[in-house]
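Structure assessment
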Amino acid sequence: MDGTDRSTLLRDLWYVALPGRKLKPGKMVAKTMLGEPVVVARRQDGSVFALRDLCPHRGVPLSFGRVVDGEVECPYHGWRFDGGGRCTLIPSLVADQDMDAGRVGVRAYPCREVQGNIWVFIPAGSDLPDPLPPIVELPGIGEASPRLVESMTFDCAMDHAVIGLMDPAHGPFVHRSWFWRSRRSIHEKAKSFGPSELGFRMIRHAPSKNARAYRILGGAVSTEIAFRLPGLRLEHVEAGRHTLCGLTALTPVDERTTEVHHAIYWTMPWLSPLIPAVRRIARTFLGQDRSMVEMQAKGLAFDPPLMLINDADVQAKWYFRLKKEFVASRVEQRDFVNPVKERVLRWRS
Ligand code: FES
Ligand SMILES: [Fe+2]
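Residues numbered from 1 in each chain as written. Chains lettered and ligands numbered in written order. Predicted model: local features only at pLDDT ≥ 70, side-chain atom pairs only at ≥ 80, totals over all residues. Heavy atoms only, no water.

Description of the environment of His77
Cut-off, in case you're wondering: Note on conventions: DSSP H or I runs of at least 4 residues are helices, E runs of at least 2 residues are strands, and numbering of each starts at the N terminus. Working rule for contacts: check all heavy atoms of both residues, and any pair within 4.5 Å makes them a contact. The definition of a polar contact used here is a pair of N or O atoms within 3.5 Å, where within protein one atom must be able to donate a hydrogen and the other to accept one, and adjacent residues in sequence count solely through side-chain atom pairs.
By the secondary structure assignment, His77 is in the loop between β6 (71-73) and β7 (80-81). Here the alpha-carbon distance between His77 and Arg147, two residues 70 residues apart in the chain, equals 41 Å. Once residues lying within four places of it in the same chain are set aside, the contact partners of His77 are His57, Arg58 and Pro91. A distance of 3.0 Å separates the side chain of His77 from the side chain of His57, its partner in a polar contact.

This is how it looks when you write it as structure tokens:
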């Protein structure tokens, strides 16, 4: 498949662990990210941290414990760990026993909450890059949290979830809905693409006229869609002086399962009463994509050879090239050189 190693999950990158609103103060959530057990915790003051979800004493997942005074307490023998992963208390120790709790530690992952999403940095080795790469931010919405978030688990590998996300040709077949478009509306498209940070972007354009849902936004509507490693799709719609943004963040649970977080932000106040409707649309869309990749998984179980055709699958080709270059640049300890060149892609959809 375009010279790619299908099993490569990229490390040394930030991944969305979960939407911030799913984690209340004083609580923890257990996640599996790229096959690693991770516990994400929120202190009473609202700040977040992430640790490897295994107690170094006897391997109990720390997420079964509780958050006490901004630290995590293991449910088995009450050892406590701070946000840096350092053990701060071993309750069984007697005063003259000279074991130093501070020398016991559990791996801490860099963890930050940005625009209402909790991101965890999954490192490649034991040393973290310094400085850490920035977390992508959506333009025009400040520090706002999403008006709407939908998370879904897809039973498919990261690569197929990403390709599905950027695939321009499945719309009229998979997303057939009264509010979107019908198969009859298929027509030829030509869109300009260019490189962007760790990925590529479809250069700002007026959305296609057959996309009914855009019409209600009114004003001069233009949209820019960017893809960025490891599996982030950013859509930025400008409608007059208002902004509507979408972030779709794919996070591999393991080699065969992928979590999809879809967050939508907007600045137009009159859209808020429509939240239930927008939520239904978002769920419908994601559900359609999910059932498609799950059908695909039944075929992929036989490990068939696959095809990437021009121009509809060029974005998928770019994705594999970007991944390959990302891995190569790390191995060769050099800067990432974006392999995408400016180009117009044409397809019918
Ligand atoms: S297993 Fe965690 S404190 Fe003993
Ligand atoms: Fe889709």
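Some points on the coordination of the iron ion (ligand 2)
In a perfect tetrahedron of four donors around a metal, the angles come out at 109.5 degrees. In a perfect octahedron of six, they are 90 or 180 degrees. The condition that has to hold: Only nitrogen, oxygen and sulfur atoms within 2.8 Å of the metal, or 3.2 Å for Na, K and Ca, are treated as donors, and water is left out, so sites may look incomplete. Sites are called tetrahedral only when four donors show all angles between 85 and 135 degrees, square planar or octahedral only when four or six donors show opposite pairs over 155 degrees and all other angles between 65 and 115, and irregular in any remaining case. Throughout, exposure labels follow a simple rule: accessible area from a 1.4 Å probe, protein chains only, divided by the maximum for the residue type, with under 20% read as buried, over 50% as exposed, and the rest as partly exposed.
Those protein atoms acting as donors to the iron ion (ligand 2) are His170 (NE2), His175 (NE2), Asp289 (OD) and Asp289 (OD), and they sit at 2.1 to 2.6 Å. In this structure, the iron ion (ligand 2) is surrounded by 4 donor atoms whose angles at the metal cover 54 to 148°, and the resulting shape is irregular. In primary sequence terms, the donor set of the iron ion (ligand 2) follows H-x4-H-x113-D. One exposure class covers both His170 and His175, and it is buried.

What to know about the domain arrangement of the protein
Worth spelling out the cut-off: What fixes the domain bounds is an automatic or database domain assignment. Summed over both partners, the accessible area lost on bringing two parts together, with a 1.4 Å probe, is the buried area. By definition, a salt bridge exists where a carboxyl oxygen of Asp or Glu is found within 4 Å of a side-chain nitrogen of Lys or Arg.
The domain boundaries assigned to the protein delineate domain 1 (13-122) and domain 2 (148-348). Its C-alpha centre places domain 1 at a distance of 33 Å from the equivalent point of domain 2. Facing 17 residues of domain 1, the contacting portion of domain 2 comprises 19 residues. Taken together, both faces of the contact between domain 1 and domain 2 bury some 1300 Å²; the carbon and sulfur share is 65%. Inspection of the domain 1/domain 2 interface yields 1 salt bridge. Lys31 is the salt-bridge partner of Glu259, the closest N and O atoms lying 3.1 Å from each other. Scanning the region where domain 1 abuts domain 2 turns up 7 residue pairs in polar contact (both at pLDDT 80 or more).

Here's the deal with the side chain of Gln315
Its place among the elements puts Gln315 in helix α5 (residues 314-331). If sequence neighbours within four positions are ignored, Gln315 has contacts with Met166, Pro168, Phe193, Phe200 and Leu345.

Details of the packing of helix α1 (residues 158-166) against α5
The packing of two helices is summarised by the inter-axis angle and the distance between the axes. Short version of the rule: The angle between two axes is taken between their N-to-C directions and runs from 0 to 180 degrees, where each axis is a line fitted to C-alpha atoms and a helix contributes only its stretch in contact. An angle below 35 degrees is treated as roughly parallel, one above 145 as roughly antiparallel, one from 65 to 115 as roughly perpendicular, and anything else as oblique. Less than a right angle of anticlockwise turn of the near helix away from the far helix marks a crossing as left-handed, whereas a clockwise turn marks it as right-handed. Polar here means any residue outside two lists: the nonpolar Ala, Val, Leu, Ile, Met, Phe, Trp, Tyr, Cys and Pro, and the charged Asp, Glu, Lys and Arg; Gly therefore counts as polar.
Running from N to C, α1 and α5 cross one another at 135°; their axes reach a closest spacing of 9 Å. As the angle between them shows, α1 and α5 are arranged oblique. Crossing angle aside, the handedness with which α1 passes α5 is right-handed. Of the residues in α5, those in contact with Met158, Asp159, Val162, Ile163 and Met166 of α1 are Gln315, Ala316, Tyr319, Phe320 and Lys323. Residue composition of the contact of α1 with α5, by class: 7 nonpolar, 1 polar and 2 charged.

Concerning the nonpolar core
The line we're drawing: We call a set of buried Ala, Val, Leu, Ile, Met, Phe, Trp, Tyr and Cys residues a nonpolar core when their side-chain atoms join them within 4.5 Å.
Of all hydrophobic cores here, the largest spans 48 residues; its most connected members are Val40 and Val120. If you count residues domain by domain, this core takes at least three from each of domain 1 (13-122) and domain 2 (148-348). When residues no more than four places from it in sequence are discounted, the contact partners of Val120 are Leu13, Trp14, Tyr15, Ala17, Met33, Val40, Ala50, Tyr109, Pro110 and Cys111.

Looking at the sheet that holds strand β1 (residues 13-19)
Heads up, the rule is: Strand pairing is defined by DSSP finding a minimum of two bridges between the two strands.
Across the sheet, 3 strands lie side by side as β1-β11-β10; this open sheet has antiparallel pairing. Each having just a single partner strand, β1 and β10 (111-114) make up the two edges of the open sheet. Ignoring which end each strand starts from, the neighbouring axes of this sheet average 35° apart. Across 6 bridges, the pairing between β1 and strand β11 (residues 117-122) is antiparallel. Looking across to β11, one finds that Leu13 is bridged to Ile122.

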